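So the chains spell out like this:
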Amino acid sequence: MLFLSDNAAAVHPAVWDALKAADEPDSPYDGDRWSAALDDRFSQLFGRPCTVLWAGTGTAANCLALATMVPPHGAVVCHEEAHIEMDEGGAPGFYLHGAKLILAEGTGAKLTPEAIRAAVDPIRDDVHQVQPHAISITQPSEYGCVYRPDEIAAIAELARERGLGLHMDGARFGNAVAFLDCAPGDAAGAADALSFGFIKNGGMSAEAIVFFDQELADVARYRRKRAGHLQSKGRFLAAQLHAMLERDVWLDNARHANAAAQEIARACETRLMHPVEANEVFVRCTADERDVLREQGFGFYDWGTDAARFVTAWNTRDAAAAALARAIASL
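Computed from a predicted structure; not experimentally measured.

A closer look at the layout of surface pockets
At step 1: In this structure, the largest pocket occupies an estimated 570 Å³ of space.
At step 2: Every residue lining the largest pocket is counted, 30 residues in all, and those nearest its centre are His 83, Asp 87, Glu 142, Arg 172 and Lys 200.
At step 3: Mapped by element, the contributors of at least two residues to the lining of the largest pocket are helix 4 (58-67), helix 5 (83-86), strand 5 (165-170) and strand 6 (193-196).
At step 4: At 4 residues, the largest contribution of residues to the lining of the largest pocket is made by helix 4.
At step 5: Grouping the constituent residues of the lining of the largest pocket by class yields 8 nonpolar, 12 polar and 10 charged.
At step 6: In this model, the second largest pocket occupies a volume close to 200 Å³.
At step 7: Taken together, Met 1, Leu 2, Phe 3, Ser 5, Ala 8, Ala 9, Ala 10, Ala 313, Asn 315, Thr 316, Arg 317 and Ala 320 form the lining of the second largest pocket.

Notes on the sheet that holds strand 9 (residues 301-302)
Strand pairing in a sheet is mediated by backbone hydrogen bonds. Such pairs are either parallel or antiparallel.
At step 1: The sheet built from 3 strands is open, its strands ordered 8-10-9 with antiparallel pairing. Bordering the open sheet on either side are strand 8 (280-284) and strand 9, each of which pairs with just one other strand.
At step 2: Sheet topology places strand 8 next to strand 10 (residues 307-311); 5 bridges connect them, and they run antiparallel. When the bridges of strand 10 are listed, Arg 284 appears paired with Ala 307.

Considering the environment of Gly 56
At step 1: Considering the arrangement of structural elements, one finds Gly 56 in the loop between strand 1 (51-55) and helix 4.
At step 2: Beyond its immediate chain neighbours, meaning those up to four positions away, Gly 56 contacts Ile 199, Ser 205, Gln 231 and Leu 237.

Quick notes on the sheet that holds strand 1
At step 1: Spatially, the 7 strands line up as an open sheet ordered 1-7-6-5-4-2-3, and their pairing is mixed. Every other strand in the sheet has two partners, leaving strand 1 and strand 3 (100-104) as the edge strands with one partner each. Across this sheet, the average inter-strand angle for adjacent strands is 25 degrees, counted without regard to direction.
At step 2: The pairing of strand 6 with strand 7 (residues 207-211) spans 4 bridges and is classified as antiparallel. In the sheet register, Phe 196 faces strand 7, and the bridge partner there is Ala 208.
At step 3: In the packing of helix 12 (residues 235-245) onto the sheet, contacts are made with strand 1 and strand 7, and the angle to strand 1 comes to roughly 115 degrees.

A short note on the side chain of Arg 290
At step 1: Inspection of the secondary structure puts Arg 290 in helix 14 (residues 287-295).
At step 2: Other than its neighbours up to four places away in sequence, Arg 290 contacts Cys 285, Phe 300, Asp 302, Gly 304, Thr 305, Asp 306, Ala 307 and Ala 308.

A few points about unusual backbone geometry
At step 1: For the peptide bond that leads from Gln 139 to Pro 140, omega is -5 degrees, which places it in the cis range.
At step 2: Even without being a glycine, Ala 109 presents a positive backbone phi close to 65 degrees.
At step 3: Owing to a relative accessible area of 6%, Ala 109 belongs among the buried residues under this scheme.
At step 4: Backbone geometry at Arg 247 places phi at a positive 55 degrees, although glycine is not the residue there.
At step 5: Within the secondary structure layout, Arg 247 lies in the loop between helix 12 and helix 13 (249-268).
At step 6: On the basis of relative accessible area, Arg 247 is assigned to the exposed category, the value being 66%.

Remarks on the pairing of strand 6
At step 1: Judged by which residues are buried, strand 6 turns out to be covered on both faces: Ala 193 and Ser 195 on one side and Leu 194 and Phe 196 on the other are all buried.
At step 2: With 4 bridges joining them, strand 5 and strand 6 adopt parallel strand pairing. Looking across to strand 6, one finds that Met 168 is bridged to Leu 194.

Description of the packing of helix 3 (residues 38-46) against helix 12
At step 1: In the contact formed by helix 3 and helix 12, the axes pass within 11 Å of each other and the chain directions differ by 30 degrees. Looking at the two axes, helix 3 sits roughly parallel to helix 12. For the pair helix 3 and helix 12, the sense of crossing is left-handed. When helix 3 is examined against helix 12, the residues Leu 38, Arg 41, Phe 42 and Leu 45 are found in contact with a partner set consisting of Ala 238, Leu 241, His 242 and Leu 245.
At step 2: Class assignment of the residues belonging to the contact of helix 3 with helix 12 gives a composition of 6 nonpolar, 1 polar and 1 charged.

Digging into helix 11 (residues 214-226)
At step 1: Between its first and last C-alpha atoms helix 11 spans 19 Å; for 13 residues at 1.5 Å apiece the expected length is 18 Å, and the two agree.
At step 2: Of the residues making up helix 11, those classed as buried are Leu 216, Ala 217, Ala 220 and Arg 224.
At step 3: Buried residues along helix 11 sit against strand 1, helix 4 and strand 7.
At step 4: For helix 11, the N-terminal capping position is held by Asp 213, with its side-chain oxygen 3.0 Å away from the main-chain nitrogen of Glu 215.

Observations regarding the pattern of salt bridges
Pairs can form between side chains of opposite charge once their charged atoms are near each other.
At step 1: Per the counting criterion, the structure on display carries 16 salt bridges.
At step 2: The salt bridge partner of Asp 6 is Arg 172, with a shortest N-O separation of 2.8 Å. Of this pair, Asp 6 sits in the segment before helix 1 (13-21) while Arg 172 is found in the loop between strand 5 and helix 9 (173-180), placing the two residues 166 residues apart along the sequence. No difference in accessibility class separates Asp 6 from Arg 172, as the two residues are buried.
At step 3: Of the charged contacts in the structure, one is a salt bridge between Arg 162 and Asp 121, with a shortest N-O distance of 3.0 Å.

The rules behind the values
Residues numbered from 1 in each chain as written. Predicted model: local features only at pLDDT ≥ 70, side-chain atom pairs only at ≥ 80, totals over all residues. Heavy atoms only, no water. 1 Å grid on protein atoms, 1.4 Å probe; cavity = no way out; pocket = protein on both sides within 12 Å on 5 of 7 lines; lining within 4 Å. Points joined across faces, edges and corners; volume = space filled by probe spheres on them. Helix = DSSP H or I, 4+ residues; strand = E, 2+ residues; numbered from the N terminus. Nonpolar A, V, L, I, M, F, W, Y, C, P; charged D, E, K, R; others polar. Pairing = 2+ DSSP bridges. Contact = heavy atoms within 4.5 Å. Axes fitted to C-alpha atoms, helices over the stretch in contact; angles between N-to-C directions. Buried < 20%, exposed > 50% of the residue type's maximum accessible area, 1.4 Å probe, protein only. Parallel < 35°, antiparallel > 145°, perpendicular 65-115°, else oblique. Left-handed = near helix turned anticlockwise from the far one by under 90°. Expected span 1.5 Å × (residues − 1). Polar contact = N/O pair within 3.5 Å; in protein donor to acceptor, adjacent residues only side chain to side chain. Salt bridge = Lys/Arg side-chain N within 4 Å of Asp/Glu carboxyl O.

What follows is the structure, encoded as structure tokens:
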């Protein structure tokens, strides 16, 4: 009964079917019919024109998007516990050729305009200090907390005032949309670029970089090639994205994962560290209590010395979620 990560989940059957269907001769790189249809497909989903490039990893999707907004001498404002800071092995610095991250605070790993101002206002506007060029927010955050549309709008307004780009790390974007029960465009807000995650949600090896700014997309095409991410048989990545969008597989998967997380959360009561709004549950428990859970067959990651993180997925069995809920309640 694994609750380690949604990355550990199986690939959705629709994705396997799509990969098989794409296994026929077509133009290489991104000249195939599946890749060519992505812009229209995602434009319909978001209700506004967008340009979509596939990428093989979430790290590449985040960094290629940010590299279009930030020069080597610039910086990205992000939460101090954002994935690009904590879990991407210095990839932002690599892809952005030395650009730095400016870290801001915020409850639930979410940024606010006030926290962003506190991080950037002390920076002098001169060549001796690194200037911010973009803001990156994570939807939902690293602690599974979802930005509401008005919260994104406030950050986007600040970004416009300061002339900053706005990037959204949407590794679990589907879970945010499912929680908000809103249109995808409302969950993305006025972001200039969105890293739309599919691998955690049932995909195999494809993420979407959604650009709402065509000029950024034009730059990203060159950067993707230079970074070695323009795969020669790109149709197999594009086919996965289409399969996940078809009949709202991506959204159904996210709803199931969220529901499983809620099942667990209801049993945690005062043990919960953060509101459960997506598919991550952070629970206070001692080392001995974690040993008890592992002895019962539950797989999960420790979160510091006195807590654990449980992540549900599109294929989490109802019985497994119920069993974990009972086990936590009995601690």
